[in-house]
Structure formats: structure tokens, C-alpha cells
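Letter by letter, the chains look like this.
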Amino acid sequence: MNLTRFEQTLQEMNRIGALDKGVTRLAYTREEQQAREYFVFLCKRAGLQVRIDPCGNVIARREGRNPQLPAVACGSHLDTVIQGGRFDGTLGVLAALEVVERLNEKGIETEHPIEIISFACEESARFGVSTIGSKAMAGLLKKEQIADLKDKHGISIETAMSECSFDFERVEQAKRKKEELCVFFELHIEQGPILEQEQVHIGIVSGIAAPTRLHVHVQGKASHSGTTPMDLRQDALLGAAEIALQLELAAKAEQDQGTVATIGVCEVKPGAMNVIPDLVELKIDIRGSSVSSKAEVLRKLMHAFETVRYERGLEIEWHLLSDEQPVLLKQEIASSIEHSCKKLGISYRHMSSGAGHDAMNMARVWPTGLIFVPSADGLSHHPDEFTAMADIAAGIAVLEEEVMKWAGASESAASLQEITAKGWI
Ligand SMILES: [Zn+2]
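Residues numbered from 1 in each chain as written. Predicted model: local features only at pLDDT ≥ 70, side-chain atom pairs only at ≥ 80, totals over all residues. Heavy atoms only, no water.

## Observations concerning the domain arrangement of the protein chain
Here the protein chain is partitioned into domain 1 (4–208 + 326–421) and domain 2 (210–323). With seven residues of domain 1 in contact, the opposing surface of domain 2 contributes seven residues. Around 450 Å² of area is buried between domain 1 and domain 2 when both sides are counted, 58% of it from carbon and sulfur atoms. The largest per-residue losses of area from domain 1 upon contact with domain 2 belong to P326, S352 and G354, which jointly make up 76% of the total buried on that side. Inspection of the region where domain 1 meets domain 2 yields zero salt bridges. (Domains from an automatic or database assignment. Contact = heavy atoms within 4.5 Å. Buried area = accessible area lost by both parts, 1.4 Å probe. Salt bridge = Lys/Arg side-chain N within 4 Å of Asp/Glu carboxyl O.)

## Quick word on the coordination of the zinc ion
Looking at the metal site, the zinc ion is ligated by H77 (NE2), D88 (OD) and H188 (NE2), spaced 2.0 to 2.2 Å from it. Donor residues for the zinc ion, ordered by position in the chain, follow H-x10-D-x99-H. You can see H77 sitting in strand 3 (residues 71–77) and its partner H188 sitting in strand 5 (residues 181–189), a full 111 residues away along the chain. The pair H77 / H188 is uniform in exposure class, with both members buried. (Donors = N, O, S within 2.8 Å, 3.2 Å for Na, K, Ca; no water. Helix = DSSP H or I, 4+ residues; strand = E, 2+ residues; numbered from the N terminus. Buried < 20%, exposed > 50% of the residue type's maximum accessible area, 1.4 Å probe, protein only.)

## Some remarks on the layout of surface pockets
Remark: the empty space left among the atoms is shown by a probe the size of a water molecule rolled over them. Approximately 780 Å³ is the volume attributed to the largest pocket. Counting only elements with at least two residues in the lining of the largest pocket, the list comes to strand 7 (210–219), strand 10 (315–323) and helix 11 (358–362). For the lining of the largest pocket, the element with the most residues is strand 7, which contributes three residues. When grouped by side-chain class, the residues that make up the lining of the largest pocket number 12 nonpolar, 11 polar and eight charged. (1 Å grid on protein atoms, 1.4 Å probe; cavity = no way out; pocket = protein on both sides within 12 Å on 5 of 7 lines; lining within 4 Å. Points joined across faces, edges and corners; volume = space filled by probe spheres on them. Nonpolar A, V, L, I, M, F, W, Y, C, P; charged D, E, K, R; others polar.)

## Quick word on the pairing of strand 13 (residues 368–373)
The element strand 13 is largely enclosed, with a buried count of six among its six residues. By the alternation rule, side chains of strand 13 split into T368, L370 and F372 and G369, I371 and V373, which are all buried. Pairing between strand 5 and strand 13: six bridges, direction parallel. What sits directly across from F184, in strand 13, is T368. For strand 6 (residues 202–208) and strand 13, the ladder comprises two bridges, and the chain directions are antiparallel. When the sheet's bridge partners are listed, I204 is paired in strand 13 with I371. (Pairing = 2+ DSSP bridges.)

Have a look at this one:
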């Protein structure tokens, strides 16, 4: 498979926002806007009709034989985190374009229209909220929910959007009708180590994990670290440590379900070497794509709270920060992707996604497929993020197969005259 064109476009795209380390194209900045403009240029050159919705999502359409039919859509995002990688998001957008370019070259027409979507503001790096563009398209975004968002310089999302000439007042109008699309595909890097470790080319995602987050206060009693005997202490840190280890055990027991748990924040107060800690604040993140498995980890965590309360005389207060529902992707689409992998002789495995993607919002409305390719060392959101071209080639081949299948590619290629008339080349 010849990937020269794809490699060149990827390189060109990643010149935008390239600093000394990695790529920085934060949402609704000049860099993201430049990426959008370059993508629009590429799409127009490929003969696509391009429009940009009020939220900044780019929608590029290749007409079908029957324009009344719902479109087969595929895409991802072009924004990045600060000093991000070259593949997260960008791969999925440019791979979709490569698929269309190949259809153009081969003069293949499809019954359904094909759309490439580049979603705006997928990363939460600037405003703390992720997948804004796809939420808006799926009708899951309420303007009021994001109206107060500001970046670290105090710039509101409204101002940032208007600087890119998008109208914040109209973001909800990015919502599309169910009948406009029939299926959505996203090709994305795994951002984890499983595919590389197992030397498998393609991950077929069955579900996207959602976090359940808790804020926990472990309250003990501060006293002198030198004069208080060990058996008379109410050390909040030791209680927190026990909770952490119990949480690890609980998540490990659910390993086959793909559930994971992390305490990413632990603040010890008063934080002096000669004082026994009286307060520990924990922030706990439990993720999984199985609701019952997550609930089981949560049940064991509550049990750990009780044990620590009883055995150590500590007070534990907690509240839920968020409890989101995992997204299950349609089995029918996963089977279709599996079928394509078999047909093309490409190795695959089914898996769940620990990270959120635009696909999870699209899946609330449209049948959706999420296709993973390996990430070297599992690295992502990092300048060293890397996916080998052989893996990308496999990903594009599977995506192409799916698009042709769902869009109803014609057996006989269109004539050169037709192709030229349609402006495809
Ligand atoms: Zn991404």
C-alpha cells in the first residue's frame, strides 16, 4: 500500500503548531484554525463540498449516487493537548481523507454520500471540557453548560470561538438530525499498550469507559510525631494508604472486565514532618465500560471506608464528583469491522477504550465503530507519540473497506468522464 501521500499530508499538518517539543494546537486557537483551513483546502482539492458548522466542526461531503440517502461519516479531531503527539486525532481525520482520495483515484462511486468530519475542541486541555464539537453535533451540548468556561489566561470559550469566527450563541445549531447519517467510524491510536504488546494491528472497540469520580476526606487527629505512641495515633495518611491498597485489590479483581482505578490526587495535611497527618484529601477515578464491574469496585471501596473507620477510628467523608455512563458500541458494527479484518488478513482483537473519544458522543445517536491502531509504548498526549506506518496502513485499509461497504460502493468504477465531471480528480 502506498502511503506517500498520507505521510506527506500528515507531516504538513503537523507543521502547524509544531514548536520545539511536540505539536500544540489547542482548541479555538490560531493553530487549530490554521489546521482547519489546511484541511478545508485538502478537502476542496479532493472535490468535496465543505461546510463548517457554528461550533467549528468541518464537514466535507462526497456526494453519493443517491444524495437523499443518509451519509456514511468518518473522522476525528485536529486539536491537540499542549506538546501533544502527531497522531492523536489527526490520524483519524487524514485517514478518512485518504480513503476518499483512493475512491476518487479508482473512480469508485457510492450509493450513500460520504462525509469526513473534523470535530472541534476534542481535547479538554484548554477549557477543561472534552469533545465539545461531537457533543454539539449529537445534540448533547447545552450552551449554558459551557458558557462559563475559561482558559488559564481567563479567555472565555465565547471569545475564543468568536476569534475563530464561530458564533457561540449558535453552537446548539451544530446538532444534526438522526436521519442525516447512517453510521460513523473513527480511526484512532490506542493511547495504551495492549495492541503493541500483543502484536496485533487493529483493536475493535466494544465499549468506551466512563469515569466515576469521588472526592474523599480522611479525617484523623494531628499530634506530635515524637511524643505520640504508635498505638495512640489517628494517622489519616495510614488510613488513606489502606484505602488505596484496597482499591487496587478491588480493581485487580475486575481486570478481565477492563475496569481500572486510580488515586491521582493525595494531599496530606498539615504537611509537616513532625506532625501526624490529621487530614488527607483523595481524588479517586474508577473507569470501566461495564456498569456492574464499576459498581463492584465502588462497593469494595465503601467497604474499605468502613474498615478504616472502624479499625483506625478515622472519619471518612466522601462525595461523588461524577458518575458517567459507559458507552457500548453497536455489536453489528464491531462484527462488520471484524469481518473486514478477516477479509484483509489483518490481525485484530476486541477491546474497550479507557479514554473518551468523539465516537462516544456520536454513538449516542448513530451506529458507531471505533478502530484502534497500536501506540508505541502506549504513549500518547506526548511528543514521542508514535504509530508505525505499517499499522496506519492496516487501519486505513480497514476504514476504506468499511466505508465502501456501508456506503454501497458500485461494482463498476465510474468512467473517467464522470470522474472529471464530478471534479474528483
Ligand atoms: Zn484523540
